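Remarks on the overall topology
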Amino acid sequence: MASYRARIKEFEDVINEEEIDLYKLKSICFNGIPEEQVNRALCWRLMLNYLPHDRRCWNDVLVMKRKLYAQFVDEMIVNPGASCNESGKIVDVTMSDHPLSCSPDSLWDAFFKDNEVLLQIDKDVRRLCPDISFFQQATEFPCSAVVNSGGEKRLHGRVQHSVLNSANVERKGLGITRIALSRRKAPEDYAPLPEGSEAHWEVVQRILFLYAKLNPGQGYVQGMNEIVGPIYHVFASDPHQEWREHAEADCFFAFTNLMAEIRDFFIKTLDETESGINKLMERLCSELKRNDHEVYMRLQEQELRPQYYSFRWLTLLLSQEFPLPDVLRIWDSLLADTFRFSFLIFVCCAMIILLRDQILINDFPCNVKLLQSFPSMDIQIVLNKAVELAESRKGCFR
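What you see is a predicted model; the values in this text were computed from it and never measured.

Looking at the overall build of the protein
Tallying secondary structure elements over the protein gives 19 helices and two strands in all. Across the 398 residues of the protein, 51% fall into the buried class. Pairs at least 24 apart in sequence give 76% of the contacts found in the protein among residues at least 6 apart. Of the roughly 18700 Å² of accessible surface on the protein, a fraction of 51% belongs to carbon and sulfur atoms.

Quick look at the structure:
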């Protein structure tokens, strides 16, 4: 108990400094954030580089970022295709455009392309984290400009059920016809809430849509919903109302910062580069070979390639392999990893080694099933094993 209190005090001492020592903060967050006593949302805002380490700058940064996000919502959701005339009055410029126009500048063309992306986003967010009810529940702070618009500005109402051409994280050419992205399924799609309120999944939908609009070179890729989900959950569960009220805007920028670090995992043309997903899987294989050669050879003999299971693990930062509370604990360590995402490799390697007894006796189909649906296990056992592996490679993480 004394050591627990000392640890809480260590968090408080670091967070309450005017100049926050980010290295020290990451060092104590790595072992898990005791969320009953410590504000995980604040720690994540700092580790995701949304808040500067100088507390005196926080207010200016938050005002600027939140104002910018409100502008994004207004320009891309509330009043898309609108501009001001000479008197400053908003006019709808789509009136002079034609729905069948082939012009690359056609706002109608952009509208139809947006709907293709929205179809995939809508499908994904309606089944986000089905092991908890949080995303189906109403947010305390709905976007008034959207929910009070008579429904016409709510993105789920814009979805047109047309053929979708957007990318997703399922890859072809890996020797199998399809790599399953999701292992957790909601019994049914989440339903929109009535006018005047909105569910948390609707807020996440807006964040992802704006991200896709502002990053046209990448757009939305299936699986991004699993990355933004844990961040939004943490921010929207902040114990302090003044932070909770701005969870959407803060989450958007924190998610954008995280995606800047892992975006190459989602771009197929970069798979073979040093920052691509294939290089990450190679590193995982190398660590497995170094730490458990027998298991490594068993998977090699069965031609059970890492693409069959670890592609999803690495791309989605393990967000689909464990219940959300465990994912949050894992991410405490992943976000605290100075050499992101070296520790992720050790966690994945630990997951395989902890299943060694089964892997060594299983045939190929059983091992594929085992690795694609990681069995329930105390997450601390996995993390302890990962730390053990990492400690044997000093300087490779944190």
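As for the packing of aromatic side chains
A complete count under the given rule lists 14 aromatic pairs for this structure. Plain terms: the ring middles of Trp58 and Trp243 are 6.3 Å apart, the flat faces sit at 85° to each other, and that makes the pair edge-to-face. Taken together, the residues span a long stretch of sequence, with Trp58 in helix H4 (residues 58–78) and Trp243 in helix H10 (residues 241–244) at a distance of 185 residues. Residues Trp58 and Trp243 agree in their burial class; the two are buried. Both rings, one in Tyr211 and one in Phe255, keep their centres 5.1 Å apart while their planes meet at 65°; by these two values the pair is edge-to-face. In this pair, Tyr211 is assigned in helix H8 (residues 200–214) and Phe255 in helix H11 (residues 247–262), connecting sequence segments 44 residues apart. For the pair Tyr211 and Phe255, a shared accessibility class is recorded, and that class is buried. Linked through ring pairs, Tyr50, Tyr69, Phe72, Phe252 and Phe253 together constitute an aromatic cluster. Stacked on the ring of Phe235, the Lys or Arg Arg45 has its end atom at 4.2 Å from the ring centre.

Let's talk about the environment of Ile207
Note on placement: Ile207 falls in helix H8. Between the alpha carbons of Ile207 and Thr256 there is a distance of 9.7 Å; along the sequence they are 49 residues apart. Those residues in contact with Ile207, other than ones at most four positions away along the chain, are Tyr69, Val228, Tyr232, Glu248, Cys251, Phe252 and Phe255.

Comments concerning the nonpolar core
With 124 residues, the main nonpolar core has Trp44, Ile231, Tyr232, Phe255, Leu258, Trp331 and Ile352 as its most contacted residues. Counting residues per element, this core draws most heavily on helix H16 (residues 342–353), which supplies 11 residues. Other than its neighbours up to four places away in sequence, Ile231 contacts Trp44, Leu48, Cys251, Ala254, Phe255, Leu258 and Trp331.

Some remarks on the packing of helix H2 (residues 22–29) against helix H3 (residues 40–47)
The interhelical angle for the contact between H2 and H3, taken along N-to-C directions, is 130°, at an axis separation of 11 Å. Comparing their axes, H3 and H2 come out oblique. Between H2 and H3 lies a crossing of left-handed hand. Across the interface between the two elements, Leu22, Leu25, Lys26 and Cys29 of H2 pack against Cys43, Leu46 and Met47 of H3. Residue composition of the contact of H2 with H3, grouped by class: six nonpolar, no polar and one charged.

Describing the pattern of salt bridges
Under the counting rule described, the total for this entry stands at 24 salt bridges. Of the charged contacts in the structure, one is a salt bridge between Arg290 and Glu287, with a shortest N-O distance of 3.6 Å. Of this pair, Arg290 and Glu287 both sit in helix H12 (residues 277–291), separated by three residues, roughly a single helical turn. Residues participating in the shared-partner salt-bridge network are Glu18, Glu19, Asp54 and Arg56.

Things to note about H16
Under the 1.5 Å per step criterion, the end-to-end length of H16 is 17 Å for 12 residues, consistent within 8% with the ideal 16 Å. Of all the 12 residues making up H16, 12 are buried; the element is thus mostly covered by neighbouring parts of the structure. All of the buried residues along H16 are Ser342, Phe343, Leu344, Ile345, Phe346, Val347, Cys348, Cys349, Ala350, Met351, Ile352 and Ile353.

Rules used throughout
Residues numbered from 1 in each chain as written. Predicted model: local features only at pLDDT ≥ 70, side-chain atom pairs only at ≥ 80, totals over all residues. Heavy atoms only, no water. Helix = DSSP H or I, 4+ residues; strand = E, 2+ residues; numbered from the N terminus. Buried < 20%, exposed > 50% of the residue type's maximum accessible area, 1.4 Å probe, protein only. Contact = heavy atoms within 4.5 Å. Areas by Shrake-Rupley, 256 points an atom, 1.4 Å probe, with all protein chains shown as cover. Phe/Tyr/Trp six-rings, centres within 6.5 Å; stacked < 30°, edge-to-face > 60°. Lys NZ or Arg CZ within 6 Å of the ring centre and 35° of its normal. Core = buried A, V, L, I, M, F, W, Y, C linked by side-chain atoms within 4.5 Å. Axes fitted to C-alpha atoms, helices over the stretch in contact; angles between N-to-C directions. Parallel < 35°, antiparallel > 145°, perpendicular 65-115°, else oblique. Left-handed = near helix turned anticlockwise from the far one by under 90°. Nonpolar A, V, L, I, M, F, W, Y, C, P; charged D, E, K, R; others polar. Salt bridge = Lys/Arg side-chain N within 4 Å of Asp/Glu carboxyl O. Expected span 1.5 Å × (residues − 1).

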